[in-house]
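Observations on chain architecture
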Amino acid sequence: MGNRSVVPFGPQHPVLPEPIHLDLVLEDEKVLAAVPSIGFIHRGLESLTDKKDFNEMVYVAERICGICSFQHGMAYCMALEEIMNVEVPRRADYLRTIWSEMSRLHSHLLWLGLLADGFGFESLFMHSWRLREKILDMFEISTGGRVIFSVNKIGGVLKDMPNDMLRDFVRQLNDMEKEIRDTTKIFLDDYTVKSRLVGVGILTGEDAIRRGAVGPMMRASGINVDMRKNGYCAYGDLDFDVITSNNCDSYARCEVRIGEIFQSIDIIRQCVEKIPDGEIDTKVVGMPNGEASIRVEQPRGEAYYHVRANGTKFLDRFRVRTPTFANVPALVQTLQGAQYGDVPLLVLTIDPCISCTER
Amino acid sequence: MEQIKDNMYQIDKAELLQVIMEKKNALWRLCQICCSFPKAEQHYEVTYSFSSGYDFVQYRLIAEKDEWVPSISRVYNSAVFYENEMHELWGLNVENIKVDLHDKLYRIDVETPFLPKEEN
Amino acid sequence: MSTIHKSPWLLHYDGSSCNGCDIEVLACTTPVYDVERFGVINTGNPMHADIFLITGGINSQNASVVKQIYDQMPEPKVVIAVGTCACTGGIFKECYNILGGADTVIPVDIYVPGCAARPESIIDGVVKGIGLFKEKAAALEAKQKAQ
């Protein structure tokens with residue numbers, strides 16, 4: 001039996017842009033157990049419902065996380081629209097879908113970059129982030145913001161994208177698709193990359209369910225669930241397949257996310273073809289009363305929103321269960337038995353978003 | 001068990017563990033646990049959400065302020081985080097959590113910040 | 001001292017932000033914005049760092065972490081608060097767990113506002129930080145000579 005020791009990992013760590021702390025119980029180089037401790041970014045923003053009214057909460061919801069900020073705001077608005085029985089115009093639904101998919105694109109490219117940095121492939125990191133900047137430019141043209149753009153409102157969206165602009169975006173995405181394919185080929189085919197990913201961090205399908213994993217983490221374990229198939233926004237009109245992989249390892253997670261990059265481009269293309277003309281928001285009057293639970297598919301997986309209103313302008317309860325919160329138990333499972341040198345990589349494979357997790 | 005609305009059932013404390021065992025054996029995934037304390041009703045509402053494929057079901061448990069609620073963390077490991085969160089932020093008493101962090105999940109300075117302040 | 005002020009090293013720590021500013025800080029180090037052309041380089045070790053970029057407000061748990069990172073950095077050092085939250089607490093100021101901006105626990109030299117702070121303004125802040133770092137280095141050198 002080797003020497004046992006406990007090694008702290010984080011909160012400030014070169015590979016992590018955000019703080020998470022893990023206590024790793026090691027036997028020589030092998031991880032026997034990992035104990036996560038969170039709370040470095042806990043703000044308690046759900047409690048702001050006492051101080052901000054339900055319209056202002058849209059902007060608070062967007063600031064749960066800077067990466068999927070659009071989808072946080074959207075899910076919150078969807079919950080209130082359900083409570084207040086507001087019918088969102090179809091054009092607004094399509095615009096929301098396009099922005100959601102663009103968020104997914106930039107989030108997955110960001111993750112690929114961080115993963116490359118995690119296994120020490122610096123130039124691949126730079127390439128992924130260079131590609132991502134083009135998506136951010138599109139956000140800037142269409143909304144004025146790069147990461148947080150506050151275009152959601154209860155009842156629709158605040159800004160329209162002219163059809164010319166949409167067609168131009170599709171042209172740009174078509175050009176980008178080739179570049180992305182060249183970059184992602186390295187992730188999927190390169191010998192050195194594969195040696196770090198294949199067979200590392202196994203999470204079986206049954207474990208994924210028992211541990212409550214969501215999103216690409218779950219789909220990489222062969223489970224075919226994608227909340228977009230529930231048909232919220234415009235997803236019901238669109239044709240796409242859920243991307244899964246049966247390998248259950250880090251390579252599978254990479255594969256699923258890369259597949260989703262191309263899927264997102266395809267969904268945007270379909271949206272631009274089908275988008276109807278018309279209004280972009282409905283006038284909303286009165287105060288919300290009632291409750292609603294909404295599930296949306298964010299880049300990191302299924303996010304759960306619960307909003308409960310009591311007829312005044314201050315909500316009773318606003319609850320967010322973000323995807324990373326659900327993926328932490330699965331991370332603990334994958335870390336057991338891993339090599340110490342793989343720990344940063346495994347932490348990255350769940351695509352951690354700590355700001356989301358701790359709210 | 002009584003249906004409140006679509007996909008939502010109200011359950012008693014006594015039924016809870018049995019229902020949860022059934023869900024586990026049928027390979028349902030624990031989606032989340034949500035605690036709330038509506039000001040008007042002055043009691044806790046704990047909502048357990050489960051999902052299997054695209055099916056979704058929620059169970060609601062009502063608990064009074066000083067009542068103890070059984071933990072489901074021995075059935076679903078991932079409930080540990082939710083239950084510790086409920087105790088730390090709302091002060092809901094959860095019995096027998098598998099890994100009890102004793103209010104050290106978020107390590108905040110304020111006690112039960114989500115519980116509405118008593119007016120005096 | 002005169003040798004290091006041409007290439008100060010950056011350290012980035014996320015206080016309690018929404019991570020919008022963090023990804024913008026990272027975006028600054030990538031090809032499109034490339035803050036490294038000003039001679040700085042991003043590092044992960046506080047003991048190597050000269051310029052400290054902090055994003056997000058301070059909460060009760062990370063106050064000690066931020067303080068410790070600041071203490072570990074060698075003199076002279078420059079602190080740049082990136083984003084509205086790091087400057088004042090921002091939208092989260094009223095949250096029960098937010099103590100305030102970064103200046104509640106460490107002295108801040110340069111404030112970069114914005115939600116999220118744009119890469120251009122972060123670069124501006126870093127360039128100002130390099131200037132300040134040179135001044136601080138010169139002052140420290142003069143002080144050491146006088147002793």
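Structure report, in brief. Keep in mind it's a predicted model, so treat the numbers as computed, not measured.

All names here are of chain A. Read from one edge of the open sheet, 3 strands run β6-β7-β8, paired in antiparallel fashion. Two strands in the sheet have a free side with no partner beyond their single neighbour: β6 (289-298) and β8 (317-321). Taking each pair of neighbouring strands and ignoring which way they run, the sheet shows an average axis angle of 10 degrees. Across 5 bridges, the pairing between strand β7 (residues 301-310) and β8 is antiparallel. Paired with Arg308 across the strands is Arg317, a residue of β8.

All right, on to the packing of helix α10 (residues 323-335) of chain A against helix α2 (residues 79-90) of chain B then. Remark: α10(A) packs on α2(B), axes separated minimally by 9 Å, with the N-to-C direction vectors making an angle of 125 degrees. Our classification of the angle between α10(A) and α2(B) gives oblique. Contacts between α10(A) and α2(B) involve Phe325(A), Ala326(A), Val328(A) and Pro329(A) from the former and Phe81(B), Tyr82(B) and Glu85(B) from the latter.

Before going further, it helps to spend a moment on the pattern of salt bridges. Residue and element names in this part refer to chain A. Summed over the entire model, instances satisfying the criterion amount to 41 salt bridges over all chains. In this structure, Glu101 and Arg104 form a salt bridge, with 3.3 Å as the shortest nitrogen-oxygen distance. Taken together, the positions of Glu101 and Arg104, both in helix α3 (residues 90-118) and 3 residues apart, correspond to about one turn of that helix. Where Asp316 meets Arg308, a salt bridge forms, and the shortest distance between an N and an O atom there is 4.0 Å. A single burial state applies to Asp316 and to Arg308, both of which are buried. Salt bridges sharing common partners tie together Glu101, Arg104, Arg219, Asp226, Arg228, Glu260 and Glu297.

Attention now moves to the interface of chain B and chain C. Counting residues at the interface gives 8 residues for chain B, matched by 4 residues for chain C. Considering only the side of chain B, the residues that lose the most area to chain C are Arg107(B), Ile108(B) and Asp109(B), jointly responsible for 55% of the buried surface there. Where chain B packs against chain C, one counts 0 salt bridges. Along the contact surface separating chain B from chain C lie 0 residue pairs in polar contact (both at pLDDT 80 or more).

What follows covers the interface of chain A and chain C. By a frequent convention, interface size equals the accessible area lost on bringing the separate parts together. Counting from both sides, the interface comprises 41 residues of chain A and, opposite them, 38 residues of chain C. A combined buried area of about 3,200 Å² lies between chain A and chain C, and 61% of that area is made up of carbon and sulfur atoms. In this structure, the connection of chain A to chain C is made through 3 salt bridges. The salt bridge involving Arg118(C) is made with Glu140(A); its shortest N-O contact spans 2.4 Å. Across the contact surface, chain A and chain C share 11 residue pairs in polar contact (both at pLDDT 80 or more). Listing elements by their share of the side of chain A that touches chain C, those giving two or more residues are α1 (57-62), α3 and α4 (122-143) of chain A. Among the elements that line the side of chain A that touches chain C, the one with the most residues is α4(A), at 7 residues.

Let us now look at helix α5 (residues 163-189) of chain A. Residues and elements named next belong to chain A. The end-to-end C-alpha distance of α5 is 38 Å, a good match for the 39 Å that 27 residues give at a rise of 1.5 Å each. At Met176, α5 shows its largest bend, some 25 degrees. Among all positions of α5, only Met165, Leu166, Phe169, Val170, Leu173, Met176, Glu177, Ile180, Thr183, Thr184, Phe187 and Leu188 are buried. Packed against the buried residues of α5 are α3, α4, α6 (191-197) and α9 (250-274).

Once that is clear, we can look at the side chain of Arg319(A). Note that Arg319(A) resides in strand β8. Those residues within four positions of Arg319(A) in sequence are excluded, and the remaining contacts are Glu46(A), Tyr304(A), Tyr305(A), His306(A), Arg359(A), Gln32(B), Ile33(B), Cys34(B), Tyr82(B) and Glu85(B).

In this section: the packing of aromatic side chains. Under the defined criterion, the tally for this structure stands at 16 aromatic pairs over all chains. Arranged with centres 5.2 Å apart and planes meeting at 80 degrees, the rings of Tyr76(A) and Phe318(A) form a pair that is edge-to-face. Taken together, the positions of Tyr76(A) in helix α2 (residues 69-84) and Phe318(A) in strand β8 put the pair 242 residues apart, joining distant regions of the chain. With respect to burial, Tyr76(A) and Phe318(A) carry one shared label: buried. These aromatic residues form a ring-pair network of at least three members: Phe70(A), Trp99(A), Phe139(A) and Phe149(A). In this arrangement the basic side chain of Arg181(A) is found over the ring face of Phe262(A), its NZ or CZ atom lying 4.1 Å from the centre. Its guanidinium or amino end placed over the ring of Trp28(B), Lys23(B) lies 3.8 Å from that ring's centre, counting from NZ or CZ.

Criteria and cut-off values
Residues numbered from 1 in each chain as written. Chains lettered and ligands numbered in written order. Predicted model: local features only at pLDDT ≥ 70, side-chain atom pairs only at ≥ 80, totals over all residues. Heavy atoms only, no water. Pairing = 2+ DSSP bridges. Helix = DSSP H or I, 4+ residues; strand = E, 2+ residues; numbered from the N terminus. Axes fitted to C-alpha atoms, helices over the stretch in contact; angles between N-to-C directions. Parallel < 35°, antiparallel > 145°, perpendicular 65-115°, else oblique. Contact = heavy atoms within 4.5 Å. Salt bridge = Lys/Arg side-chain N within 4 Å of Asp/Glu carboxyl O. Buried < 20%, exposed > 50% of the residue type's maximum accessible area, 1.4 Å probe, protein only. Buried area = accessible area lost by both parts, 1.4 Å probe. Polar contact = N/O pair within 3.5 Å; in protein donor to acceptor, adjacent residues only side chain to side chain. Expected span 1.5 Å × (residues − 1). Bend = angle between axes of the 7 residues up to and from the residue. Phe/Tyr/Trp six-rings, centres within 6.5 Å; stacked < 30°, edge-to-face > 60°. Lys NZ or Arg CZ within 6 Å of the ring centre and 35° of its normal.

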